[in-house]
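Structural overview for review
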2 protein chains.
Amino acid sequence: MPTSPRAPLSRERILSAALSVADRDGLPALSMRRLGAALGVEAMSLYGHVRDKGDLLDGLVDHVVGMWADPLPDESDWRVVARTTMARAHEVLLARPWACELVAARPTVGRNRLRYAEALQRRMLDAGFSPQLAHHGLHLVDGTIMGFTLQELRRPTLQQLGEEVAAVARGERADEFPAITAVLADSAHDHAAEFALMTELILDGLERLHARETAERRTTDAPS
Amino acid sequence: MPTSPRAPLSRERILSAALSVADRDGLPALSMRRLGAALGVEAMSLYGHVRDKGDLLDGLVDHVVGMWADPLPDESDWRVVARTTMARAHEVLLARPWACELVAARPTVGRNRLRYAEALQRRMLDAGFSPQLAHHGLHLVDGTIMGFTLQELRRPTLQQLGEEVAAVARGERADEFPAITAVLADSAHDHAAEFALMTELILDGLERLHARETAERRTTDAPS
DNA sequence: ACCTGAACACCGTTCAAGT
DNA sequence: ACCTGAACACCGTTCAAGT
């Protein structure tokens, strides 16, 4: 779907076309040839504005990161920034499974990711975090976003692909997998609630580490 | 490298050949044609023992899961089981980046994964976890493994691929990214320590949720 | 300058044919 | 039964050629 069929073809136009191809038909469908066709152009013309297919995918990743990080929350509390970023990232990635897979396969660090990392670590340092803990904190938040979103995207395919696994999910293997069967029978699958719980667990943990750190600093500072 | 050049070609033999191709040359090199060549056979012969390339990849994923889950820890404490599983999974996946990517892209639930899920949730239920919390617990542990391993695999490519990002990593953009620069300058990159810290944070959090749950159950049970 | 056509070295998969 | 050869419809990328 070329917005204007003979616009001069820029990196911007290519990236946004790639985004809509991936959204509509998935990552495997995003070939240089099909992308060219979507822009009304031969595949080879793309190489004038994009070094590689890899370069294109990197651009795509940072574009998606921008979708949750771009209007950075105007807040000085690191907890608020972390919480809202996690929620937004989770939402954006859940809606675009291909993006989650892409970030896992090709973990590009682009401008949008830098800006978000700067913002979060700034708040942590301002709150009195040591550089080391701010470092851990960013990784904790990032890892949780990816790990948990993958966790949720994994769910639907459980019944779809599993041959004997489907039987387990239907509760027909209580003999061999009693615990799994019991858990599936007696618990809800509230994804959003689980992610929120995980978020608070992480934030609590970080806060506790921060408190312990300042306590230790006080005891070592006092005698001097 | 066919172990015996004219053995009758089984699913087992195909899977282990695929594993060594992926280990040696990476995931993109694992094509049906090259895998056939590694077994001294035409690509098309593989389809007698494997439905699909997808089927082959699914088998590969569960094989890797078995590498950390297979001798299940003979322990009744859920904390020990969770801790050792996380450590082993992290180690196995760090050594095989392609496996981490594969699990992210195609989250197969195979027999090995079922056995591990059963074992961990069994311990949690036995410790008094509600089914709901045991459910969350498994997802927490799994999400942490994936999220954090991806986090670490992401690190080396930061300097390798980033154009301007490399400058930030070298500390040459302190004006625009002061917090990132300060954190990178004043903190170590001890991956193993960070993963251990993350593990304890998760286990502490789960234990706290468990304690809260039992406290609530006691207060609601008492009046009856 | 920007785009193209043809070509190269690959893919996964099907299917009729061989042994 | 098990494996193969040829074929189909694709890939990413190069490069000389067109406008």
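For the structure itself, consult the block above.
Just so it is clear, the structure is predicted and the values come from calculations on it, not from any experiment.

**Some thoughts on the protein's contact with DNA strand D**
Taken together, 17 residues are adjacent to DNA strand D, and Met-32, Arg-33, Tyr-47 and Lys-53 of chain A together with Ser-45 of chain B come closest. Considering the 4 Å shell around the protein, atoms of DNA strand D inside it are sugar or phosphate in 56% of instances. Separating a phosphate oxygen of DNA strand D from a side-chain N or O atom of Ser-31 of chain A is a distance of 3.1 Å. Within the contact set of DNA strand D, a phosphate oxygen lies 2.9 Å away from a backbone nitrogen or oxygen of Met-32 of chain A. For the surface near DNA strand D, the element with the highest residue contribution is helix 2 (residues 32-38) of chain A, accounting for three residues. Broken down by class, the residue content of the surface near DNA strand D amounts to eight nonpolar, three polar and six charged.

**Observations regarding the protein's contact with DNA strand C**
Close to DNA strand C lie 17 residues; Ser-45 of chain A together with Met-32, Arg-33, Tyr-47 and Lys-53 of chain B are nearest. Counting only the atoms of DNA strand C that lie within 4 Å of the protein, the sugar and phosphate share comes to 58%. Within the backbone of Met-32 of chain B, a nitrogen or oxygen atom sits 2.9 Å from a phosphate oxygen of DNA strand C. In this structure, Lys-53 of chain B approaches DNA strand C through a side-chain N or O atom, which is 2.9 Å from a phosphate oxygen. Broken down by element, the residue count for the surface near DNA strand C peaks at three residues, all from helix 2 (residues 32-38) of chain B. Across the surface near DNA strand C, the residue classes break down as eight nonpolar, three polar and six charged.

**Let's talk about the interface of chain A and chain B**
Across the boundary between the two partners, chain A contributes 60 residues, which contact 60 residues of chain B. Linking chain A with chain B are two salt bridges. Across the salt bridge formed by Glu-176 of chain B and Arg-111 of chain A, the nearest N and O atoms sit 2.7 Å from each other. In this assembly, chain A and chain B are joined by 14 residue pairs in polar contact (both at pLDDT 80 or more). Counting only elements with at least two residues in the side of chain A that touches chain B, the list comes to helix 5 (97-105), helix 6 (111-126), helix 7 (131-161), helix 8 (164-169), helix 9 (178-186) and helix 10 (191-221) of chain A. In terms of residue class, the side of chain A that touches chain B is made up of 32 nonpolar, 13 polar and 15 charged.

**A word on the packing of helix 4 (residues 78-95) of chain A against helix 10 of chain A**
All names here are of chain A. Relative to each other, helix 4 and helix 10 sit at 150°, their axes nearing to 11 Å. In terms of orientation, helix 4 lies roughly antiparallel with respect to helix 10. Two packed elements cross with a definite hand, and for helix 4 against helix 10 that hand is right-handed. Each of Trp-78, Arg-79, Ala-82, Arg-83, Met-86, Ala-87 and His-90 in helix 4 lies in contact with helix 10, whose residues at this interface are Phe-195, Thr-199, Glu-200, Leu-203, Leu-206 and Glu-207. A per-class count over the contact of helix 4 with helix 10 returns seven nonpolar, two polar and four charged.

**Points about the relation of the copies chain A and chain B**
Turning chain A through 180° and shifting it by 0.0 Å along the axis lays it on chain B, with an RMSD of 0.0 Å. Here the symmetry operator amounts to a two-fold rotation axis. The rotation axis passes nearest to the C-alpha of Gly-147 of chain A in chain A, at a distance of 1.8 Å. Interface residue correspondence from chain A to chain B reaches 100%, placing this contact among same-surface, isologous pairings.

Definitions and cut-offs
- Residues numbered from 1 in each chain as written.
- Chains lettered and ligands numbered in written order.
- Predicted model: local features only at pLDDT ≥ 70, side-chain atom pairs only at ≥ 80, totals over all residues.
- Heavy atoms only, no water.
- Near = heavy atom within 4 Å.
- Polar contact = N/O pair within 3.5 Å; in protein donor to acceptor, adjacent residues only side chain to side chain.
- Helix = DSSP H or I, 4+ residues; strand = E, 2+ residues; numbered from the N terminus.
- Nonpolar A, V, L, I, M, F, W, Y, C, P; charged D, E, K, R; others polar.
- Contact = heavy atoms within 4.5 Å.
- Salt bridge = Lys/Arg side-chain N within 4 Å of Asp/Glu carboxyl O.
- Axes fitted to C-alpha atoms, helices over the stretch in contact; angles between N-to-C directions.
- Parallel < 35°, antiparallel > 145°, perpendicular 65-115°, else oblique.
- Left-handed = near helix turned anticlockwise from the far one by under 90°.
- Least-squares fit on C-alpha atoms with pLDDT ≥ 70 in both.

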